[in-house]
Each structure stands twice: as C-alpha cells, then as structure tokens.
Amino acid sequence: LETGGNKAFRMFAADMTDANQDQLLIEKGIRDAIERNEFSLHFQPIVDLVTGEVACAEVLLRSSNAYLQGISIGVVIQVAEKTGLIHELSSYVFKTTFSIINGWKNSGLHLPLISINLSAEQLKSEDVVIDLLDLVEAHQIDAAMIQFEMTETAMVTDIERTSDILRTLQNYGFHIALDDFGTGQSSLSHLLNINPDTIKIDRSFIHSLTTNRTNQLLVSTINELSRKIGAKVVAEGVETQEQLTMLMEIGCPYVQGYWLSRPLPAQVFEDWLLLFSA
Ligand code: C2E
Ligand code: CA
Ligand code: CA
Ligand code: CA
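Residues numbered from 1 in each chain as written. Chains lettered and ligands numbered in written order. Predicted model: local features only at pLDDT ≥ 70, side-chain atom pairs only at ≥ 80, totals over all residues. Heavy atoms only, no water.

Undergrad: Honestly, the overall build of the chain in this entry has me stumped. Any pointers?
TA: Regarding its fold elements, the chain presents 10 helices and nine strands. For 278 residues, the compact-globule formula gives about 19 Å, and the C-alpha radius of gyration of the chain, at 20 Å, lands near that figure. Principal-axis analysis of the C-alpha atoms places the extent of the chain at approximately 70 × 45 × 35 Å. Expressed as a percentage of the 278 residues in the chain, the buried residues total 45%. Long-range contacts, defined here as pairs at least 24 residues apart, represent 69% of the contacts in the chain between residues at least 6 apart. (Helix = DSSP H or I, 4+ residues; strand = E, 2+ residues; numbered from the N terminus. Rg over C-alpha atoms; globule rule 2.2 N^0.38 Å. Buried < 20%, exposed > 50% of the residue type's maximum accessible area, 1.4 Å probe, protein only. Contact = heavy atoms within 4.5 Å.)

Quick look at the structure:
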C-alpha cells in the first residue's frame, strides 16, 4: 500500500513540476510577447438573426509569439491572471481596441457594438472604471459603443463589489454581458444581481442542441427569461446549419460561431464592415 501511495505521490509531484514549468514558460512567453509586440486582436461577428446584420463583435486576443502560438489563449489568460500580467495584457486589449475603433469611426464605417472580455482580476478594484473612462475619452469613443463580457465565476469572489463596479460601468453607458451563461453556479441569482444588457448562452448547450431535448428546453427557457428582464440573448458556438435553424425556431435573436464566421483579423473584419456599410 505504501509503495502504491508513494508511486501515486511521485506521479503527482512530477505532474506538479510539469505544470509549474509550463506556467513559467507561458509567463516568459507573455513577457516576451509584450516586449516584442507579438499580440494582436481578432474580431468575431455576432449576427442579428432577424436583420442578418452584424450587431456586435467580440474582441479576442491572439499572439504570434513562437511559444504562445501552441497554447490556447484561454490558458494564456489564466496564467496572466495568476502572475498579475493580466493588467498589462488588458491594458493592451483596451488601448488597441479603442484605437482600432477610432480609426474605423474616422473612416466613416458603421460600427456594431464592440464586446471586450474582462477577467475576474480586473473586477477586484474600482480603478478599472477610471482607467476605462480616461481611455474612451482619449480615443473619442462613446461608452455606449462598448460592451464588457464577464463570466459568472468572475463574480463569485466578491459579488457585492463586482456588481457595484458593473453598475457603475452601466451608469456611464457601457453595456454588460454575462458570458458562458449556464455553466457557473447560481446563474439565476447573478442575473438578478447585475441586470445584464446581454446574456451569452455557453456553447456547451448549443453543441448538442439538435440531439438533446433538455438543452433545447434550456435554451428556449433562457431566451424567454432574458426577454422578460430586457436582456439580449446570444447563442455562442454555432457550428452547423442545423443548430442555426433550431435557434431560429426557438426565436433566439443573436448568434455567434464558426458557422457564421471565425474570429477575424482586424483588417479582414474591416472589409466585412465595408461590405455591410455599402
Ligand atoms: P470566451 O470569452 O468564451 O470566447 C469565445 C471563445 O469561443 C473564443 O475562443 C472563440 O474563438 C471560440 N469560438 C467562437 N465560435 C466558436 C465555435 O463555433 N465553436 C467553438 N468550438 N469555439 C468557438 P478563444 O479565442 O480561444 O478564447 C478563449 C477564452 O479566452 C475566451 O473565452 C475568454 O475567456 C479568453 N479571452 C480571449 N481573449 C480575451 C481578452 O482579450 N481578455 C480576457 N480577459 N479574456 C480573453
Ligand atoms: Ca466572451
Ligand atoms: Ca463565452
Ligand atoms: Ca469561455
């Protein structure tokens, strides 16, 4: 028994070392990428199913750093949160998004709502509000053009403070979206607490939508509930025509996913906008 235990422990310890090493390498990758300007932003369209227009675009971070390219950006973000590098990364995301939007605005493009992911770490201090107000002013951007997405798990640590910050952002005109809805705990209480402008149904529910009756019920219930509280609903991760058809039948108003478009480099997304503005 003892040998077995030791073996298990050795394997566990080896795993830990691997994980720590990975984290150190990713941390180094992030520092390098910041220094060498190896981050960029992609934009993924969110389509209005009634008008067919691009109603919104989600901003997604990407890196061309040789090491980081092999790692999913979600993991990169997690390491950035653990090491405090998230503040520098987010600052990059904010500034770059606003300066891109400013350029589009100046060239007369009709812009959809631009939706930026916020991490839990940023919601720990009210400073984020001041920073954002300074930045939108500097870039001559109307707060109402911007939405912030956050997950329910980002809110559990201090729901009071988080909802205060979110409410303040809303008072200044920013939109708030609840991301990955349905995957966290006590989804309903968060809904009532923060009064989001948008609810994004997690892609795990969309994935098996056409075969899973429970998910169909869930999606249509979330849809109705959102309607009642005046929030917009986005179905995430739409990958097939069958899913899209079913979402139309359910009456879900907005969709996002590879079936409509992958996340696009800013320049390519700009061409999309040009097409729609014409
Ligand atoms: P998320 O906020 O849930 O973002 C949506 C993710 O789903 C993106 O993954 C997107 O590329 C992917 N996706 C879109 N359509 C489909 C589809 O049809 N099928 C599938 N399977 N996936 C689809 P991505 O870009 O890898 O980002 C992963 C996560 O990293 C994001 O999840 C978000 O939590 C985080 N993230 C990305 N960019 C940022 C950022 O700028 N700031 C922060 N704080 N987090 C970010
Ligand atoms: Ca998101
Ligand atoms: Ca999501
Ligand atoms: Ca997610």
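Still to come is the rest of the account.
Undergrad: So what exactly am I meant to see when it comes to the coordination of the calcium ion (ligand 4) here?
TA: Six octahedral donors at a metal ideally form angles of 90 or 180 degrees, and four tetrahedral donors ideally form angles of 109.5 degrees. Within the protein, the atoms that donate to the calcium ion (ligand 4) are Asp-180 (OD) and Asp-180 (OD), at distances of 2.5 to 3.1 Å. Tracing the backbone shows Asp-180 in strand E5 (residues 175-181). (Donors = N, O, S within 2.8 Å, 3.2 Å for Na, K, Ca; no water.)

Undergrad: Teacher, can you tell me more about the packing of helix H3 (residues 86-106) against helix H4 (residues 127-138) here?
TA: What describes two packed helices is the angle between their axes and the distance between those same axes. It is the contact of H3 with H4, at a shortest axis distance of 10 Å, that shows an interaxial angle of 25°. By the criterion of interaxial angle, the relationship of H3 to H4 is roughly parallel. Read as a crossing pair, H3 and H4 show a hand that is right-handed. Where H3 abuts H4, its residues Phe-94, Lys-95 and Phe-98 lie against Val-128, Leu-132, Leu-135 and Val-136. The class makeup of the residues in the contact of H3 with H4 is six nonpolar, no polar and one charged. (Axes fitted to C-alpha atoms, helices over the stretch in contact; angles between N-to-C directions. Parallel < 35°, antiparallel > 145°, perpendicular 65-115°, else oblique. Left-handed = near helix turned anticlockwise from the far one by under 90°. Nonpolar A, V, L, I, M, F, W, Y, C, P; charged D, E, K, R; others polar.)

Undergrad: How do you make sense of the coordination of the calcium ion (ligand 2) when you look at a structure like this?
TA: Around the calcium ion (ligand 2), the donor atoms from the protein are Glu-58 (OE), Asn-117 (OD1), Glu-149 (OE) and Asp-179 (OD), and they sit 2.1 to 2.4 Å away. As a motif over one chain, the donors of the calcium ion (ligand 2) read E-x58-N-x31-E-x29-D. A spacing of 3.8 Å is found between the calcium ion (ligand 2) and the calcium ion (ligand 3), which share Asp-179 as a donor. Placement of the pair is Glu-58 in strand E2 (residues 54-63) and Asn-117 in strand E3 (residues 113-117), with a sequence separation of 59 residues.

Undergrad: Looking at this structure, I do not really get the layout of surface pockets. What am I missing?
TA: One way to see where empty space is left: roll a probe the size of a water molecule over the atoms. Estimates place the volume of the largest pocket at around 1200 Å³. With six residues, helix H2 (residues 73-83) is the largest single contributor of residues to the lining of the largest pocket. By residue class, the composition of the lining of the largest pocket is 17 nonpolar, 13 polar and 11 charged. (1 Å grid on protein atoms, 1.4 Å probe; cavity = no way out; pocket = protein on both sides within 12 Å on 5 of 7 lines; lining within 4 Å. Points joined across faces, edges and corners; volume = space filled by probe spheres on them.)

Undergrad: Please explain the site of ligand 1 as it appears in this structure.
TA: Arg-62, Asp-179, Arg-203, Glu-239 and Tyr-258 are the nearest of the 22 residues found near ligand 1. Contact between ligand 1 and Glu-239: a nitrogen atom at 2.6 Å from a side-chain N or O atom of the residue. In this structure, an oxygen atom belonging to ligand 1 sits 2.8 Å away from a main-chain N or O atom of Tyr-258. Summarising the interface, the protein chains cover 82% of the accessible area of ligand 1, which totals 800 Å² for the free molecule. Applying the majority rule of atoms within 2 Å of the grid points places ligand 1 in the largest pocket. For the shell around ligand 1, the secondary-structure elements that each account for two or more residues are E2, H2 and E5. Here the shell around ligand 1 takes four residues from E2, the largest share from any one element. (Near = heavy atom within 4 Å. Polar contact = N/O pair within 3.5 Å; in protein donor to acceptor, adjacent residues only side chain to side chain. Areas by Shrake-Rupley, 256 points an atom, 1.4 Å probe, with all protein chains shown as cover. Sits in = over half its atoms within 2 Å of the grid points.)

Undergrad: Looking at this structure, I do not really get helix H9 (residues 241-250). What am I missing?
TA: Helical geometry: 3.6 residues make up each α-helical turn, so side chains three or four residues apart lie on a common side. Among the residues making up H9, those that are buried are Gln-243, Leu-244, Met-246 and Leu-247. In a view along the axis of H9, the buried residues occupy a sector of 165°, so they form one face of it. Of the residues in H9, the exposed ones pointing more than 90 degrees away from the buried face are Glu-242 and Glu-249. Gly-251 occupies a position one or two residues after H9 and carries a positive phi of about 90°. (Arc of directions from axis to C-beta.)

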